[in-house]
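Fold and contact review
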Amino acid sequence: MTSIDADTETGTRTTAHQGTGSGARSSPFRHAETDRDAAPQFVLPLVVRIEKAAPPARTDALETAARAVLVLLSDERSTAADGEWAQAVRDWQDARIRKVVRRARGAEWRRAAGLPGITVTGRAPDPTTAEDVNGDGGRDGHEDGGGDGHEGGDGASSVAAEVRVFPPVPLDGWPKELAKLQVSGTDLDDPEPPPAPDPTGPVLWLSPQVEMSAGKAMAQAGHGAQLAWWELDDAARAAWREAGFPLAVRTASADRWDELTASGLPVVRDAGFTEIAPGSCTVVADHPALRRR
């Protein structure tokens, strides 16, 4: 996986979002409104658990990373004026929107899970639900603790993805438990092609024209989820959160991609720090509430 230092932009649509504890303000993705390069730079760390014997499926990891970003953005510690993460989230949003995905296993994962953050669990490769895997009955399938319920015996092909998201940190101020984690070396595959997404639900469409490692794609899916969140009104946000942030991540066909990028839906454009060319369109955030606008 690669370290993701990606900046994102919206497409042509003017967007507004609810600031973290500071009321409504324009999206920090709008270059004309703030010099984001001049601001102190922060990064949102995400760590995906990849055990040798039982790595998660690629699509499950991408979807879980996107949900993890949404869970952090909507958490009271991020949104309340006096929330313990609110200032860090504000500082992060005032600069370039960067996300870095690293991988961990075994003791590395347990050490990372001891830091403040939220672990979000995906879907197991059988009918087990995220709530069952999580074991606490929470509708969002996430927990603050770093439980070790990741069984992977010999011959196991994949398990439910686990992604832990942490409050933003300064670009050069990573906690040592996270700074030492690897950012390259392991990619992920889907044991079988993912099913067609629910046409009535949110879908983060990946570009068919850009090849990305699993880590890069996880960060880009997180960017797409964040853009969709900022575009939604309060009622749509509340409904999505109450439902547990259901979403799908799929690669669009070439024809569908052309339609999506011209549709006015939020588009992620990568800054080109890693893997792909600057300005590449990587994700279109397709949420039912945005289709009706």
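Structure's up top.
The sections below set out a description of the structure shown in this document. (Residues numbered from 1 in each chain as written. Predicted model: local features only at pLDDT ≥ 70, side-chain atom pairs only at ≥ 80, totals over all residues. Heavy atoms only, no water.)

Points about the overall build of the protein chain
To be explicit about the condition: Secondary structure is summarised from DSSP: a helix means a run of H or I of at least four residues, a strand means a run of E of at least two, and numbering begins at the N terminus for each. Per-residue accessibility, obtained with a 1.4 Å probe over protein chains only, is compared with the maximum for each type, and a residue is labelled buried under 20%, exposed over 50%, and partly exposed between these values. Here a residue-residue contact requires only that any non-hydrogen atoms of the pair lie within 4.5 Å.
Across its full length, the protein chain carries 10 helices and 12 strands. The buried share among the 293 residues of the protein chain stands at 55%. Contacts in the protein chain between residues far apart in sequence, at least 24 positions, make up 80% of those at least 6 positions apart.

Some words on the environment of Asp255
Looking at the element boundaries, Asp255 is found in helix α9 (residues 254-261). By relative accessible area, Asp255 is classed as exposed at 59%. Remark: the alpha-carbon pair of Asp255 and Pro208, spanning 47 residues in sequence, is separated by 9.7 Å.

A closer look at the pattern of salt bridges
As a reminder of what qualifies: Basic side-chain nitrogens of Lys or Arg form a salt bridge, by our definition, when they fall within 4 Å of a carboxyl oxygen of Asp or Glu.
The final tally for this structure, using the stated rule, is nine salt bridges. We note a salt bridge from Arg123 to Glu63, for which the minimum N-O separation is 2.6 Å. Of this pair, Arg123 sits in the loop between β5 (118-121) and α5 (130-134) while Glu63 sits in helix α1 (residues 58-74), placing them 60 residues apart in sequence. For Glu63, a relative accessible area of 4% translates into the label buried. For Glu63, the salt bridge goes to Arg250, with nearest N and O atoms at 2.8 Å. Separated by 187 residues along the polypeptide, Glu63 in helix α1 and Arg250 in strand β10 (residues 248-251) bring together distant segments of the chain. Each member of the pair, Glu63 as well as Arg250, carries the same accessibility label: buried.

Notes on the sheet that holds β10
Adjacent strands of a sheet form backbone hydrogen bonds with each other and so pair up, either parallel or antiparallel. For the record, the criterion: One requirement defines pairing of two strands: DSSP has to find at least two bridges between them. Interaxial angle, 0 to 180 degrees, is taken between N-to-C directions of lines fitted to C-alpha atoms, where a helix line uses only the stretch in contact.
If you trace the four strands from one edge of the open sheet to the other, you get β10-β9-β12-β11, paired in mixed fashion. Each edge of the open sheet is held by one strand with a lone partner, namely β10 and β11 (267-269). On average, each strand axis in the sheet is tilted by 20° relative to the strand beside it, whichever way the strands run. Of the pairings in the sheet, the one linking strand β9 (residues 203-206) to β10 comprises four bridges and is parallel in character. In the strand pairing of β10, Leu204 is matched with Val249. Contacting β9 and β10, α1 crosses the sheet at an angle of about 130° to β10. Strands in contact with helix α7 (residues 214-231) are β9, β10, β11 and β12 (281-286); relative to β12, the strand with the most contacts, it is inclined by about 40°.

Remarks on the environment of Leu265
Relative to the helices and strands, Leu265 resides in the loop between α9 and β11. Of the residues examined, Leu265 reaches a relative accessible area of 9% and is grouped as buried. For the pair Leu265 and Leu227, spaced 38 residues apart in the sequence, the C-alpha separation amounts to 9.5 Å.

Observations regarding the pairing of strand β4 (residues 99-104)
With six of its six residues buried, β4 lies for the most part within the structure. Burial along β4 is two-sided: Lys99, Val101 and Arg103 and Val100, Arg102 and Ala104, pointing in opposite directions, are all buried. Both strand β3 (residues 42-49) and β4 contribute to a ladder of six bridges, which runs parallel. Paired with Val47 across the bridge in β4 is Arg102.

With respect to the packing of aromatic side chains
Counted only if it meets this: Paired rings are identified among Phe, Tyr and Trp, the last through its six-membered ring, by centres lying within 6.5 Å, and are further divided according to the angle between planes into stacked (under 30 degrees), edge-to-face (over 60) and tilted (the rest).
Here the structure, examined in full by the defined rule, presents two aromatic pairs. Judged by centre distance (5.6 Å) and plane angle (70°), the rings of Trp229 and Phe245 are edge-to-face. On the criterion of sequence distance, the pair formed by Trp229 in helix α7 and Phe245 in the loop between α8 (234-242) and β10 is long-range, its members being 16 residues apart. With respect to burial, Trp229 and Phe245 carry one shared label: buried. Measuring from ring centre to ring centre gives 5.5 Å for Trp240 and Phe245, while their planes differ by 75°; the resulting arrangement is edge-to-face. Considered together, Trp240 and Phe245 belong to a single accessibility category, that of buried residues. Taken together through their ring pairs, the aromatic side chains of Trp229, Trp240 and Phe245 make up a single cluster.

Regarding the environment of His223
For His223, the location among the structural elements is in helix α7. On the basis of relative accessibility, which here comes to 0%, the residue His223 falls in the buried class. Separated by 44 residues in sequence, His223 and Val267 place their C-alpha atoms 9.3 Å apart.

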